[in-house]
Amino acid sequence: MSAESKITKDKNKNLVVPDYPVIPFIEGDGIGPDIWSATKLVIDNAVSKAFDNTKKISWLEVFIGEKGHEKTGEYISDAALETIKSHIVAIKGPLTTPVGKGFRSLNVTIRQKLDLFACIRPVKYIDPVPSPMKFPDKIDMVVFRENTEDLYAGIEWESGSDDALKLSDFLRNEMGANLPDMPGIGIKPISEKNTKRLVASAILYAIDNKLKSVTLMHKGNIMKFTEGAFAKWGYEVAEEKFQDLTISEKILFEKYDGKCPDGKIIIKDRIADMLFQQVLLRPEEYDVIATPNLNGDYISDALAAQVGGLGMAPGANIGETAVFEATHGTAPKYAGQDKVNPGSLILSGTMMLEYMGWNKASDLIKFALQETIKQGFVTYDLARQIQGATEVKCSVFAEKIVENINK
Ligand code: NAP
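Predicted model only: the values in this text are computed from it and were never measured.

K.L.:
Is there a simple way to explain the layout of surface pockets in this structure?
P.N.:
Take a probe with the size of a water molecule and roll it over the atoms, and the empty space left behind shows itself. One number sums up the size of the second largest pocket: a volume of about 360 Å³. Along its surface, the second largest pocket is lined by 20 residues, and Asn107, Arg111, Glu325, Thr327 and His328 are the ones closest to its centre. Of all the secondary-structure elements, those providing two or more residues to the lining of the second largest pocket are α4 (106–113), β6 (118–124), α10 (293–306) and β15 (322–326). In terms of residue count, the dominant contributor to the lining of the second largest pocket is α4 (three residues). Here the residues of the lining of the second largest pocket sort into seven nonpolar, six polar and seven charged.

K.L.:
Could you clarify how one ought to interpret empty space enclosed by the protein in this entry?
P.N.:
Per the counting criterion, the structure on display carries two cavities of 30 Å³ or more. As a volume, the largest cavity reaches approximately 60 Å³. Around the largest cavity sit Val108, Arg111, Gln112, Arg145, Asn147, Thr148, Tyr152 and Asn293, which together line it. Taken together, the residues of the lining of the largest cavity break down into two nonpolar, four polar and two charged. Taken as a whole, the second largest cavity encloses approximately 30 Å³ of empty space. Lining of the second largest cavity is provided by Lys92, Asn107, Ile110, Arg111, Leu116, Asn317, Val323 and Glu325.

Calculation notes
- Residues numbered from 1 in each chain as written.
- Predicted model: local features only at pLDDT ≥ 70, side-chain atom pairs only at ≥ 80, totals over all residues.
- Heavy atoms only, no water.
- 1 Å grid on protein atoms, 1.4 Å probe; cavity = no way out; pocket = protein on both sides within 12 Å on 5 of 7 lines; lining within 4 Å.
- Points joined across faces, edges and corners; volume = space filled by probe spheres on them.
- Helix = DSSP H or I, 4+ residues; strand = E, 2+ residues; numbered from the N terminus.
- Nonpolar A, V, L, I, M, F, W, Y, C, P; charged D, E, K, R; others polar.

Don't take any of this as a statement about function, it's just geometry.
Shown next as structure tokens:
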């Protein structure tokens, strides 16, 4: 057996994945331990089956969250973050935000400290998960949400505070702004550099996955210098870096009568409110959606609902390091009950395997997960929606998936 070793990058920044990679995991709080052990079982079995025991992940636990506090006295430590960074790829369960501990959220801290600038949320229907849509199988999109700026930068002042009064005086007196009395104030920074790296990664994803379009979702009709600039910089980076592989929708209609030339990805933009309608009415027209932080938060959860809810929605936060995570929270009322749906973390695991180039294992998991649901074995959340389904525990759901992997 070869020795286990870290994932590295070559001089072109491509991932080099050994057969026995060491991958850090954060179990997570609340339901984290339940969904993590289910996920680990499924991933390990899929890898072993897909590669005939020639590959195996060596898991390395990193203590962040309540377990971190118990073991080290810190909810999140520089050493834990350094371990994730030095291993390049990691996976995590949900984390409770400790109240009044000097940071907004452990998740936001991880994203900011590791500069995980893109939050990637694929949304695809898994038959027969109950969906409110008439044709849910038409939904197959990936949201690239900017993760580091916009109103999420956390620059805000409470109504009536000295700072809010000072700033509103300045805005009124020096900048001529028309403000109401005693406003609470939040700042919305959106930059060229961060927009361009996000949109470039969305275009690269579309190229790698042979998709047809990248849509820049924004509210630039109202917020011209932030959301409007996002769309402008998005088109610019497509032109600067991917000129041979992309075509703007404007040129498509001006020069090609709306018919996309072979090998080109269409770059288009849509006003946010309109896009919410379009993903309901004509979802098949959208593949990759690139958008600032707040829009991205809304559209990813709305799309997840269209395919049956957050329990099955996977996600990843990616920069130089990649952290794959369940998109729901710690659901504390179900902690330790072996009850909840591990689907979100398992599917985040499939994104991780694809990121590593281990698609064969990922495909096996996606197939086996769908088979398990088709056979009617589901956790409580789906059992209450699928007539005649058999409700099983979180661990049993994972075992059923493993049976289908090994069939
Ligand atoms: P939540 O933990 O996502 O739970 C809300 C509800 O969603 C649950 O009560 C349950 O609905 C359903 N749900 C969540 N996960 C599920 C699963 N795996 N299977 C089936 N159903 C599931 O949201 P919250 O209660 O607002 O947040 C709790 C804590 O999680 C907070 O401390 C929050 O800060 C944290 N959080 C962490 C993350 C993260 O780490 N990425 C994300 C969001 C929230 P029913 O009650 O209807 O069964």
